[in-house]
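Structural overview for review
Take a look at the letters that make up each chain.
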Amino acid sequence: MRIAVIGGGPAGLYFAILMKRDFPGSRITVVERNRAEDTFGFGVVFSDATLDAFHQADEPSYRAITASFAYWDDISIHAKGQEHRIGGNGFCGCSRRTLLMLLAHRARALGVELEFRREAVPEDFPDADLIVAADGINSPIRERFAEHFQPEIDLRPNRFAWMGSTRPFDAFTFFFKETPHGIFIAHCYQYEPGASTWVLETDPETFTSAGLDKMDEAASAAFLEDVFAEELQGHRLITNRSTWRRFPTVKCARWVRGNVVLLGDAKASAHFSIGSGTKLAMEDAIALHQSFLRHAMVPDALHAFETGRREDVEKTQHAANVSLVWFEHVKRFWDFSPTRFAFGVMTRSKAITWDNLALRAPEFVAETQRAVAEETGGNPAKPPMFQPFALRGMQVANRVVVSPMCMYSATEGLPNDFHLAHYGARATGGAGLVFTEMTCVSRGARITPGCTGLWNDAQQAAWTRIVKLVHGSSAAKIALQLGHAGRKGATKLMWEGMDQPLPEGAWPLLSASPTPYHPHSQVPREMTRADMDAVKADFVAAACRGIACGFDMLELHCAHGYLLASFLSPLTNLRTDEYGGPIANRLRFPLEVFAALREAWPASKPMSVRISATDWAEGGLTEEDCLAIARAFAATGADLIDVSTGQTVADASPTYGRMFQLPWADMIRNEADIAVMCVGNITSADQVNTIIAAGRADLVALGRPHLTDPSFTLHAAAQYGVRDQACPPQYRWGQDAALRNAAKDQAELRELKLKARPKTHAPAPQALPRAAE
């Protein structure tokens, strides 16, 4: 083949090496716009897992890299006057210049042609079978063909500058320094003897307050030397084009155009806070090379690369984006104890979790467990998910919640034996709190014909029976969720066609505005003041019935595009009266309903509100709207916000992933100063512990895991050796057996995990000199 690589960074050079080695007859040219010795930045970071991949891909370059790196096992977090040192991480730092020189040397030795100080475009290589555009984060080739590649560039708000120092480090180190201007963060690591990287970061308000927007490179370095004088230990900061920038997160809808393929930062960038930019680029090179090993034809190889590599790239970008958002909002966590703050730093990207840290840093996890217990008045011998939590006069024994999940199994709103078994099983399964499904306040408030209700005596009697079973057979508390479907009503059962209108037997619908959910859905009537009064009365009547049933807690459903949510979102509220327009007006009717419920509901019992924190659609709720909604309900007497997202409009584009709604729960808890319950693709006890310990939510609701495992919490208690978890006496023999078996299973699992960890690439310790004979 004739291969042209435009861009002589790690991605382009590494791909050229791998291809020339395995296709020695190919003519491969790498063209770089800068000089051979030029590089910008200081060091790069690789994990043990990445070094494993390098070892397998090309051992000679792996040996050259590992002979030139600085290795560390610890992460050191300095914040609020304390240091937390967490081991078991396995990273190395390498000079970016050294890395490029080593790769260039290896490429030349294989016969790759290297050209420097030359700008190149695809037309320069009319005979090329393949053109690799590895021309960096500001890729001219990507921008030239932007209509085809469809790049999306998200310029993040925080400012950062890449500097260096001669101060040595024996760990990857984070410094968090509070100043009169705000908080500055330094991401530091050593990459060779006498040389370390310092990435300095701060939010835009601090950046402007400190006057850094008016300083040149030398002045900003001098300013930061003063901020980090203690941490620099007498060393100076070194600059090399160390201008302040905003990080661009790059994504492309397409990576391939004809015989041109984007590689590395040109196609996708990953934030420096997880050290993945160079890793991502070189792993791209490995993946593209492997595609050519499997496919003889260029189009086939490029298609295989794009389809096969995209998922891994998007996973890395997702972790990087979650991490960068944590750093953008570090002020949210600054009032945490130093230990919980450090735990948040370690788990910010969701890639590292409670169990993972317990494996690598058990002392730190034990310290975090004690810190959580101390703040909650719980038992320091128990992990966070088994700490108690109080709302008004209600205390739950643990942080696990059975999420409200519609069962669509009622007849005319009447719960039946299925519901009795369903809620009873999940309560006896150990969760601290069980929510009912959305229970409708009138016949016309139902989503489907199968929805439960609480508008007549028969329904009240059925719910009373369920509440008595929960209270009589478990330690769980049970919350009643009340709602009104609004424009999403009169639809089929979920398994017959979710949100699809009934072909017959439909009832008239109400909403904030006369806009149907789907174009083919029923058009709702815009609510009048009389409608509002009637609906509010229905909610209050249902709540009074809930009091008679004996429910411990009441939740008002203001999410998912249902009636009250339709007032909150600008996508569904098109009114021009006092109930439409700015968020204060859109809140007016939902707050009226909540205030009436709060007045009717006993003062000793808590109330919560479920909201959609984002609509996942352009023009929908903003973060400012979300915080305003949470604060308004808190001021009206809400004790907890149940944070969900989306389902407001049919054409929303949510981004799913593990714990994908957690950032909004985190934001509301730590900025609106109200307790929150998070929900959304949370599947394990490990994740529950991580969320609670990091201070990102107070309660954790799990839906699907409870559908298949009603005893989720009992199993988790056995896993973590919690012996006093409430359990019906009829089941205690099983609980004892689970505790015995779990201890053995956990020991075996720990051994397997330790064996599965990437091998360490730390340099072997030098042998001590033999004593003179």
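Our subject in this report is the structure included herewith. (Residues numbered from 1 in each chain as written. Predicted model: local features only at pLDDT ≥ 70, side-chain atom pairs only at ≥ 80, totals over all residues. Heavy atoms only, no water.)

Re the overall build of the chain
Inclusion rule: In this description a helix means any DSSP run of H or I spanning at least four residues, a strand means any run of E spanning at least two, and both kinds are numbered starting from the N terminus. To get the radius of gyration, use the C-alpha atoms; to get the globule rule, take the number of residues to the power 0.38 and multiply by 2.2 Å. Type-normalised accessible area, obtained with a 1.4 Å probe on protein chains alone, sets the label of each residue: buried when under 20%, exposed when over 50%, and partly exposed for intermediate values. Contacts are residue-level and defined by heavy atoms, with any inter-residue pair within 4.5 Å sufficient. Computed with a 1.4 Å probe, the accessible areas rest on the Shrake-Rupley method; for each residue, only the protein chains presented here act as cover.
Summing up its helical and strand segments, the chain has 27 helices and 30 strands in all. A compact globule built from 773 residues would reach a C-alpha radius of gyration of about 28 Å, and the chain, at 29 Å, matches this within 12%. Dimensions of the chain, computed from C-alpha atoms along their principal axes, come out at roughly 90 × 70 × 55 Å. Expressed as a percentage of its 773 residues, the buried residues of the chain come to 59%. Contacts spanning at least 24 positions in sequence make up 72% of the contacts within the chain whose residues lie at least 6 apart. Carbon and sulfur atoms provide 52% of the accessible area of the chain, an area that totals close to 30,800 Å².

Some points on empty space enclosed by the protein
The condition is simple: With a 1 Å grid laid over protein atoms only, a set of points is called a cavity when a 1.4 Å probe fits there but cannot get out and a pocket when it is open yet has protein on both sides within 12 Å along at least five of seven lines; lining residues have an atom within 4 Å of a point. Grid points are joined across faces, edges and corners, and a volume is the space filled by probe spheres set on the points. Each residue is assigned to one of three groups, with Ala, Val, Leu, Ile, Met, Phe, Trp, Tyr, Cys and Pro labelled nonpolar, Asp, Glu, Lys and Arg labelled charged, and all others, Gly among them, labelled polar.
By the definition in use, this model includes seven cavities of 30 Å³ or more. Of the pockets and cavities examined, the largest cavity occupies roughly 80 Å³. Lining the largest cavity are Arg 487, Lys 488, Gly 489, Ala 490, Thr 491, Asp 499, Gln 500, Pro 501, Leu 509, Tyr 517, Ser 521 and Gln 522. Its residues assigned to classes, the lining of the largest cavity shows four nonpolar, five polar and three charged.

Considerations on the packing of helix α12 (residues 338-347) against helix α14 (residues 362-376)
Filter applied, for reference: The axes used here are C-alpha line fits, helices contributing only the stretch in contact, and every angle between their N-to-C directions lies in the interval 0 to 180 degrees. For this classification, under 35 degrees means roughly parallel, over 145 means roughly antiparallel, 65 to 115 means roughly perpendicular, and everything else is oblique. We call a crossing left-handed when the near helix sits turned anticlockwise from the far one by less than a right angle, and right-handed when that turn is clockwise.
Close contact between α12 and α14 brings their axes to 9 Å; oriented N to C, the two are set at 125°. Here α14 runs oblique to α12, going by the angle between their axes. The element α12 and its partner α14 pack so that their crossing is left-handed. The residues of α14 that touch α12, namely those facing Thr 339, Arg 340, Ala 342, Phe 343 and Met 346, are Phe 364, Glu 367, Thr 368, Ala 371, Val 372 and Glu 375. Of the residues that constitute the contact of α12 with α14, the class distribution is six nonpolar, two polar and three charged.

What to know about the pattern of salt bridges
The condition is simple: Salt bridges, as used here, are contacts in which a Lys or Arg side-chain nitrogen is within 4 Å of a carboxyl oxygen on Asp or Glu.
Applying the stated criterion to the full structure yields 45 salt bridges. Residue Lys 177 pairs with Glu 231 through a salt bridge whose shortest N-O separation is 3.3 Å. Of this pair, Lys 177 sits in strand β11 (residues 172-179) while Glu 231 sits in helix α9 (residues 229-232); the two residues are 54 residues apart in sequence, bridging distant segments of the chain. Neither Lys 177 nor Glu 231 differs from the other in exposure class; each is buried.

Remarks on the side chain of Asp 686
The test is simple: Contacts described as polar in this section are N or O atom pairs within 3.5 Å, which, within protein, must combine one atom able to donate a hydrogen with one able to accept it, while residues neighboring in sequence count only if both atoms come from side chains.
Relative to the assigned elements, Asp 686 resides in helix α24 (residues 685-693). At 2.7 Å, the side chain of Asp 686 forms a polar contact with the side chain of Thr 353. With residues near it in sequence (within four places) discarded, Asp 686 still touches Thr 353, Trp 354, Asp 355 and Tyr 720.

Here's the deal with the pairing of strand β6 (residues 82-86)
Worth spelling out the cut-off: Here the rule is simple: two strands pair whenever DSSP picks up at least two bridges between them.
Across five bridges, the pairing between strand β5 (residues 75-79) and β6 is antiparallel. Within the sheet, the bridge partner assigned to Ser 76 lies in β6 and is Arg 85. Counting the residues between successive antiparallel strands, the hairpin from β5 to β6 contains two residues, one of them, Lys 80, with a positive phi of roughly 55°.

Overview of the environment of Leu 574
Turning to its location among the elements, Leu 574 is positioned in the loop between α19 (563-568) and α20 (583-586). As for Leu 574 and Ser 513, which are separated by 61 residues in sequence, their C-alpha atoms are 5.9 Å apart. Filtering out sequence-adjacent residues up to four positions away, Leu 574 remains in contact with Ser 513 and Thr 515.

A word on the packing of helix α1 (residues 10-22) against helix α4 (residues 96-110)
Where α1 contacts α4, the two axes come as close as 9 Å, and the packing angle between them is 25°. Viewed along their axes, α1 and α4 adopt a mutual orientation that is roughly parallel. As for the relative orientation of α1 and α4, their crossing is left-handed in sense. When α1 is examined against α4, the residues Pro 10, Leu 13, Tyr 14, Ile 17, Lys 20 and Arg 21 are found in contact with a partner set consisting of Arg 96, Leu 99, Leu 100, Leu 103, Ala 104, Arg 106, Ala 107 and Leu 110. Classifying every residue of the contact of α1 with α4 gives 10 nonpolar, no polar and four charged.

With respect to the nonpolar core
Just so we agree on the cut-off: Remark: nonpolar core denotes a set of buried residues (Ala, Val, Leu, Ile, Met, Phe, Trp, Tyr, Cys) joined through side-chain atoms within 4.5 Å.
Counting 135 residues, the largest nonpolar core has Phe 176, Phe 341, Phe 633, Ile 641 and Ile 668 as the members making the most contacts within it. Every residue in contact with Ile 668, bar those within four places of it in the chain, is listed here: Ile 611, Cys 626, Leu 627, Ala 630, Ile 641, Val 643, Asp 673, Ile 674 and Val 676. Membership of the second largest hydrophobic core comes to 68 residues, among which are Leu 51, Tyr 62, Leu 100 and Leu 288.

A short note on the environment of Gln 459
Tracing the chain through its elements places Gln 459 in helix α16 (residues 457-473). The exposure class of Gln 459 is buried, given its relative accessible area of 0%. Once the C-alpha coordinates of Gln 459 and Gly 413 are considered, the two residues, 46 residues apart in sequence, prove to be 6.9 Å apart. Not counting residues within four places of it along the chain, the set of residues in contact with Gln 459 comprises Glu 412, Gly 413, Leu 414, Pro 415, Gly 453 and Leu 454. Within polar-contact distance, the side chain of Gln 459 engages the backbone nitrogen of Leu 454 at 3.2 Å.

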